[in-house]
Protein chains: 2
Amino acid sequence: MKVQSIESHEQAQVTLEGARDTKMRTLIGPDDGATNFHMRHFEIAPGGCTPHHSHNYEHEIVVLSGQGVAMSEEGERPFKTGDVIFVPANERHQLVNRSGRRLEVICLVPALEP
Amino acid sequence: MKVQSIESHEQAQVTLEGARDTKMRTLIGPDDGATNFHMRHFEIAPGGCTPHHSHNYEHEIVVLSGQGVAMSEEGERPFKTGDVIFVPANERHQLVNRSGRRLEVICLVPALEP
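Residues numbered from 1 in each chain as written. Chains lettered and ligands numbered in written order. Predicted model: local features only at pLDDT ≥ 70, side-chain atom pairs only at ≥ 80, totals over all residues.

## What to know about the overall build of chain A
Link 1 in the chain: Tallying secondary structure elements over chain A gives 0 helices and 10 strands in all.
Link 2 in the chain: When the helices and strands of chain A are listed from N to C terminus, the series reads β-β-β-β-β-β-β-β-β-β.
Link 3 in the chain: Over its C-alpha trace chain A gives a radius of gyration of 14 Å, about what one expects of a compact globule, namely 13 Å for 114 residues.
Link 4 in the chain: Taken over the C-alpha atoms alone, chain A extends approximately 40 × 30 × 25 Å along its principal axes.
Link 5 in the chain: Taking all 114 residues of chain A together, the buried fraction comes to 35%.
Link 6 in the chain: In chain A, of all internal contacts separated by at least 6 residues, the share reaching a separation of at least 24 is 62%. (Helix = DSSP H or I, 4+ residues; strand = E, 2+ residues; numbered from the N terminus. Rg over C-alpha atoms; globule rule 2.2 N^0.38 Å. Buried ≥ 20, exposed ≤ 12 C-beta atoms within 10 Å, placed from the backbone. Contact = placed C-beta atoms within 7 Å.)

The following block contains the structure:
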């Protein structure tokens, strides 16, 4: 069993095209022996965003702190601390932080083929 | 895309043998079209616990608020808000709340066969 604080995991800048002022940590991944799905932490600074993109796998997200806007195919969806977001596979999406404070979310994805 | 508060999801008592004063919400599950893995919310009252058991699938947990003790095969592992817990498949485990305040965790499991 692994028990470890979020902060103790290495944090790296997200360098995907379209990402801005966003950092990521892998919390539970292949190194832990997780073979079905993986847990990541994202920190989006004020004015930052994740890429506006789609892919053939889903996101399961819980918002730890802050507020933001999810750009969805049905328009803008505001969200805040304590919200849950499900992005189905192949739906175009983006998380944007227009607030003045840091936004932190947990985002899970299926284990992808290597 | 679904965007919804944790609180807006129906909450039910966990009736598994060995569970005490624990309530569960399914946050992202089959009804949302999630086919790979599912997100649940657990609220464990002071003095409450989840069953002490094992099963052939893993848990990926993030602690939203409060503190507790994970009974693991290596002994007791204390945890608190902002910690991440990975319970590998087939490892015996239990979450216990010995504190005086409510414990809330998010726990993900693979989508199980019907």
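## Remarks on the interface of chain A and chain B
Link 1 in the chain: Across the boundary between the two partners, chain A contributes 34 residues, which contact 34 residues of chain B.
Link 2 in the chain: Counting residues per element, the ones that place at least two in the side of chain A that touches chain B are β1 (2-5), β3 (20-28), β4 (37-49), β5 (59-65), β6 (67-72), β7 (75-80), β8 (83-87) and β10 (103-110) of chain A.
Link 3 in the chain: Its residues placed into classes, the side of chain A that touches chain B shows 19 nonpolar, 7 polar and 8 charged.
Link 4 in the chain: Where β1 of chain A and strand β8 (residues 83-87) of chain B come together, 4 bridges link them in antiparallel fashion. From the neighbouring strand, V3 of chain A faces β8 of chain B, where its bridge partner is I85 of chain B. (Nonpolar A, V, L, I, M, F, W, Y, C, P; charged D, E, K, R; others polar. Pairing = 2+ DSSP bridges.)

## Details of the environment of S8 of chain B
Link 1 in the chain: For S8 of chain B, the position within the fold is in the loop between β1 (2-5) and β2 (12-13).
Link 2 in the chain: Residue class for S8 of chain B comes out exposed when judged on the 11 C-beta atoms lying within 10 Å of it.

## Observations regarding unusual backbone geometry
Residues and elements named next belong to chain A.
Link 1 in the chain: Phi at N90 takes a positive value of approximately 70°, unusual for a residue other than glycine.
Link 2 in the chain: Tracing the chain through its elements places N90 in the loop between β8 and β9 (94-96).
Link 3 in the chain: Here N90 falls in the exposed class, since 11 other C-beta atoms lie within 10 Å of it.

## Side note on the relation of the copies chain A and chain B
Link 1 in the chain: Overlaying chain A with chain B gives an RMSD of 0.0 Å, the required rotation being 180° about an axis along which the chain moves by 0.0 Å. This pairing of chains is accounted for by a two-fold axis.
Link 2 in the chain: By residue overlap, the copies meet face to face through one surface: 100% of the interface positions of chain A are interface positions in chain B. (Least-squares fit on C-alpha atoms with pLDDT ≥ 70 in both.)

## Structural notes on the confidence of the model for chain A
Link 1 in the chain: When pLDDT is averaged along chain A, the result is 96, and 98% of the positions lie at 70 or above.
Link 2 in the chain: Interface scoring of the predicted complex returns ipTM 0.96; its pTM is 0.97. (pLDDT = per-residue confidence, 0-100.)

## Here we look at the nonpolar core
Nonpolar side chains tend toward joint burial in soluble globular proteins.
Link 1 in the chain: Counting residues in each nonpolar core, the largest one holds 52 residues, and the members touching the most others are V62, V84 and V105 of chain A together with V62 and V105 of chain B.
Link 2 in the chain: Here V105 of chain B is in contact with F42, I61, V62, V63, L64 and L95 of chain B, once residues within four sequence places are set aside. (Core = buried A, V, L, I, M, F, W, Y, C linked by C-beta atoms within 7 Å.)

## Structural notes on the environment of I85 of chain A
Link 1 in the chain: On the secondary structure map, I85 of chain A appears in strand β8.
Link 2 in the chain: Of the residues examined, I85 of chain A has 24 C-beta atoms within 10 Å and is grouped as buried.
Link 3 in the chain: Separated by 13 residues in the primary sequence, I85 of chain A and S72 of chain A have C-alpha atoms spaced 11 Å apart.
Link 4 in the chain: With near-sequence residues (within four places) excluded, I85 of chain A lies in contact with I61, A70 and F79 of chain A together with M1, K2 and V3 of chain B.

## Here we look at the pairing of β5 of chain A
Side-chain direction in a regular strand flips from residue to residue, so the side chains alternate between the two faces of the sheet.
Residues and elements named next belong to chain A.
Link 1 in the chain: With 6 of 7 residues buried, β5 lies mostly within the body of the structure.
Link 2 in the chain: Across 4 bridges, the pairing between β5 and β8 is antiparallel. The residue bridging I61 from the neighbouring strand is I85, located in β8.
Link 3 in the chain: With 5 bridges connecting them, β5 and β10 associate as antiparallel partners. When the bridges of β10 are listed, E60 appears paired with L108.

## Considering the environment of V69 of chain B
Link 1 in the chain: Inspection of the secondary structure assignment puts V69 of chain B in strand β6 (residues 67-72).
Link 2 in the chain: Along the sequence, V69 of chain B and N97 of chain B sit 28 residues apart, while their C-alpha atoms lie 6.6 Å from each other.

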